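# Fold and contact review
This is what each chain is made of:
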Amino acid sequence: MNTNPPQNRGLTAIDGAMALIVLLLIVQIWLLSATLESYLAGHREAAVPGAIISGILFAACLGLYLFVDRIDSEVRKG
Amino acid sequence: MKWFRKPSSAPLWQDEFPVFTADERYVNRRQFTKFLTLTSFAMLAGNLWILARSLFHRSPSYPRQPIAAADEVAVGGVKVFAYPTAEDPCLLVRTGSDSYVAYSQKCTHLSCAVYYAKEENRLECPCHQGFFSIADGSVLQGPPQRALPRVALEMKGGQLLAVRMEGEGA
Ligand code: FES
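The following refers to the structure shown. (Residues numbered from 1 in each chain as written. Chains lettered and ligands numbered in written order. Predicted model: local features only at pLDDT ≥ 70, side-chain atom pairs only at ≥ 80, totals over all residues. Heavy atoms only, no water.)

Left-over empty space is what a probe sized like a water molecule reveals as it rolls over the atoms. Empty space within the second largest pocket amounts to approximately 220 Å³. At the level of elements, α2 (47-76) of chain A together with α1 (12-16) of chain B are the ones that each hand at least two residues to the lining of the second largest pocket. By residue number, the principal contributor to the lining of the second largest pocket is α2 of chain A, which donates three residues. When grouped by side-chain class, the residues that make up the lining of the second largest pocket number four nonpolar, two polar and six charged. (1 Å grid on protein atoms, 1.4 Å probe; cavity = no way out; pocket = protein on both sides within 12 Å on 5 of 7 lines; lining within 4 Å. Points joined across faces, edges and corners; volume = space filled by probe spheres on them. Helix = DSSP H or I, 4+ residues; strand = E, 2+ residues; numbered from the N terminus. Nonpolar A, V, L, I, M, F, W, Y, C, P; charged D, E, K, R; others polar.)

Right under this line is the structure:
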């Protein structure tokens, strides 16, 4: 039997998704600073993989946001 | 499982300003998640900017500029000069009777002026104790992440010439 009150449904999933986004953001911030440092040091070969990985991380964040948005709309509309 | 919310016929204000207090937890979390996602987009924009800069980068042309006469600087001595423009201070160090090195004087951490520490035979930044090797400008200690850009030198007719910068990205 689900003992979770209806108004709390989905909150754990949303919190989990938020924690994951924060983790992805930390990686992305590190990636940006590392790419910038290597670009400023004259190593331009890091720019392409840096942009691709950053794009993948952003896509993951966007996916998680859409997930949170969906849960929010589902739970609140009953 | 579908990832997108169903299109809602309710007005937008009802989504953003819930009537029930319990619903506020969802709205706050959703808005915070949106903020985090936008931050992630800003990071991506930064990476794309670096990518664009490196794709359209053209190697700059450097002037050949006399910086000192051969015997103007004593062994272990230093001369400050500007290269490639008047806003770029550099340090020339005579490390031996026939050997000279020159580096940009701007620390690669936060641009403080580095100086030559003769006793330790290294370049030091007084701001946060960043130390650089005199041999190749690489970081020995401290917060800087990048080596000092090096000035390539040539000796011609008893004159030392600066010919280009090495290890400089932007
Ligand atoms: S500015 Fe040189 S170590 Fe910080």
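Once the structure has been displayed, the description carries forward.
A few words now on the pairing of strand β2 (residues 78-82) of chain B. Residue and element names in this part refer to chain B. Sheet topology places β2 next to strand β3 (residues 89-94); five bridges connect them, and they run antiparallel. Opposite Ala82, over in β3, you have Pro89 as the bridge partner. Linking two consecutive strands that pair antiparallel, namely β2 and β3, is a turn of six residues. (Pairing = 2+ DSSP bridges.)

Attention now goes to the environment of Leu91 of chain B. Following the sequence through the fold, Leu91 of chain B ends up in strand β3. A C-alpha to C-alpha distance of 17 Å links Leu91 of chain B and Arg146 of chain B, two positions 55 residues apart in sequence.

All names here are of chain B. Turning to its location among the elements, Ile67 is positioned in strand β1 (residues 65-69). When the C-alpha positions of Ile67 and Ala82 are compared, they lie 8.5 Å apart, and in sequence the two are 15 residues distant. Leaving out residues up to four positions away in the same chain, Ile67 has contacts with Lys79, Phe81, Leu92, Leu153, Gln159, Leu160 and Ala162. (Contact = heavy atoms within 4.5 Å.)

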